[in-house]
Amino acid sequence: MSSWIVAYALLAILPIIVGQNCTKTVSTPYLATSSSTTKRNTICHHKCWFWWKKQIDTSFKSLDHCSVNYKTEKQSVCCEGYKKISSGKCEPICHGCQNGRCTAPNKCSCDKGFRNWMGICVPICDNPACGHGTCEAPGKCSCHEGYELDSAKGCVPKCDPPCLNGKCVARNTCECFFGHQKTSESNVCVPACDPKLADCGSGTCAGPNRCLCVEGFVFEKNRCVPHCDPPCVHGSCTKPNICSCREGFVNSVANPAECIPFCDGG
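As the structure is a computational prediction, the values presented were derived from the model and not from experiment.

A look at the UniProt feature "domain: EGF-like" (unreviewed entry) in the chain
In the numbering used here, UniProt assigns the "domain: EGF-like" (unreviewed entry) feature to residues 89-122, 124-156, 158-190, 192-225 and 227-260. Here residues 192-225 runs as 0% helix and 41% strand, with 19 Å between its end C-alpha atoms.

The following block contains the structure:
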């Protein structure tokens, strides 16, 4: 079984190994020389006694010839997309394979903590993602101006000063929590009290529809009202510990909180 696995592995990597080396035909020029001998006859006429005599002289001359010929041979070279290194091996060529290893022409296998983005190995920041920032190194974000790093959410908007009773949703922009409203003061939200639900009057809105009455007042029937202790009898508490008697009644001298009948004429 193991021999079959080895065989399949060799078949898988064989195209890669073979693909790095190619054979090309190379023509190498060289100078070829040759020589030849030429024959030359020279005819001469001269007078000998009473007649002309023809004489032929023969000479030989050697000539050298030069020509450029080409010798064709096959050479092993690196295939397209590969280059030869000092060891003589062919290795793939990649452009911009920083933070990775070039495993094939223009194909990078990125290092741990990096991912391939359009042929470039870029750092990974996904726990959390940077959002409004740049991933400078694996797991390290550099936030843009106006943002700050949150360990759980990445780069989040920054509000300066920080939001009071609100959430920073954009650069120096606060969104008030439920039951709160903005004020003229920067990034400050205060509780909102609906007069129909909480009429604070001279008191203070201390929370969403919740009044904090001033001393001498209590919150009753959705508003701050004066408090009289003891309670008024036959009258109304119009101010703290001050009873206003109904018509026909007057405050008792002994107990001002008690209104007693008044008879005109004694």
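A word on the side chain of Asn-187
Mapping Asn-187 onto the fold places it in the loop between strand E15 (180-182) and strand E16 (189-191). A polar contact of 2.8 Å, which involves the side chain of Asn-187, links it to the backbone oxygen of Pro-161. Here Asn-187 is in contact with Cys-159, Asp-160, Pro-161, Pro-162, Cys-163, Leu-164, Asn-172 and Cys-174, once residues within four sequence places are set aside.

Some details on the confidence of the model for the chain
Looking at the chain as a whole, the pLDDT averages 82, with 81% of positions reaching at least 70. Note on residues 4-18: pLDDT under 50 across the span, and one contact to partners over four residues away in sequence or across chains.

Quick word on the environment of Gly-146
Its location among the elements puts Gly-146 in the loop between strand E10 (140-143) and strand E11 (147-150). The exposure class assigned to Gly-146 is partly exposed, which follows from its relative accessible area of 22%. Each C-alpha atom of the pair Gly-146 and Asn-172 lies 7.9 Å from the other, and the pair is 26 residues apart in sequence. Residues contacting Gly-146, with those up to four places away along its chain left out, are Val-156, Pro-157, Lys-158 and Arg-171.

Quick notes on the nonpolar core
In terms of nonpolar packing, the biggest core is built from six residues, these being Cys-125, Cys-130, Cys-135, Cys-141, Tyr-147 and Cys-155. Beyond its immediate stretch of four places on either side in the chain, Cys-130 contacts Cys-125, Cys-135, Cys-141, Gly-154 and Cys-155.

Things to note about the state of the cysteines
Enumeration over the complete set of coordinates arrives at 17 disulfides. Here Cys-125 is linked by a disulfide to Cys-135, with a sulfur-sulfur distance of 2.0 Å. Between Cys-125 and Cys-135, the S-S dihedral sits near 75 degrees, and the bridge is therefore right-handed. Of this pair, Cys-125 sits in the loop between strand E8 (120-123) and strand E9 (133-137) while Cys-135 is found in strand E9, placing the two residues 10 residues apart along the sequence. Pair check on accessibility: Cys-125 and Cys-135 agree, each one buried. Each disulfide pairs two cysteine sulfurs, and for Cys-130 the partner residue is Cys-141, the sulfurs being separated by 2.0 Å. Across the S-S bond linking Cys-130 and Cys-141, the dihedral sits near -90 degrees, which makes this disulfide left-handed. With Cys-130 in the loop between E8 and E9 and Cys-141 in strand E10, this residue pair connects regions lying 11 residues apart in the sequence. Taken individually, Cys-130 and Cys-141 each receive the classification buried, so the pair is uniform in this respect.

Here is what the cut-offs are and how they apply
- Residues numbered from 1 in each chain as written.
- Predicted model: local features only at pLDDT ≥ 70, side-chain atom pairs only at ≥ 80, totals over all residues.
- Heavy atoms only, no water.
- UniProt positions renumbered as here; feature names shortened; annotations may be inferred.
- Helix = DSSP H or I, 4+ residues; strand = E, 2+ residues; numbered from the N terminus.
- Polar contact = N/O pair within 3.5 Å; in protein donor to acceptor, adjacent residues only side chain to side chain.
- Contact = heavy atoms within 4.5 Å.
- pLDDT = per-residue confidence, 0-100.
- Buried < 20%, exposed > 50% of the residue type's maximum accessible area, 1.4 Å probe, protein only.
- Core = buried A, V, L, I, M, F, W, Y, C linked by side-chain atoms within 4.5 Å.
- Disulfide = S-S within 2.5 Å.

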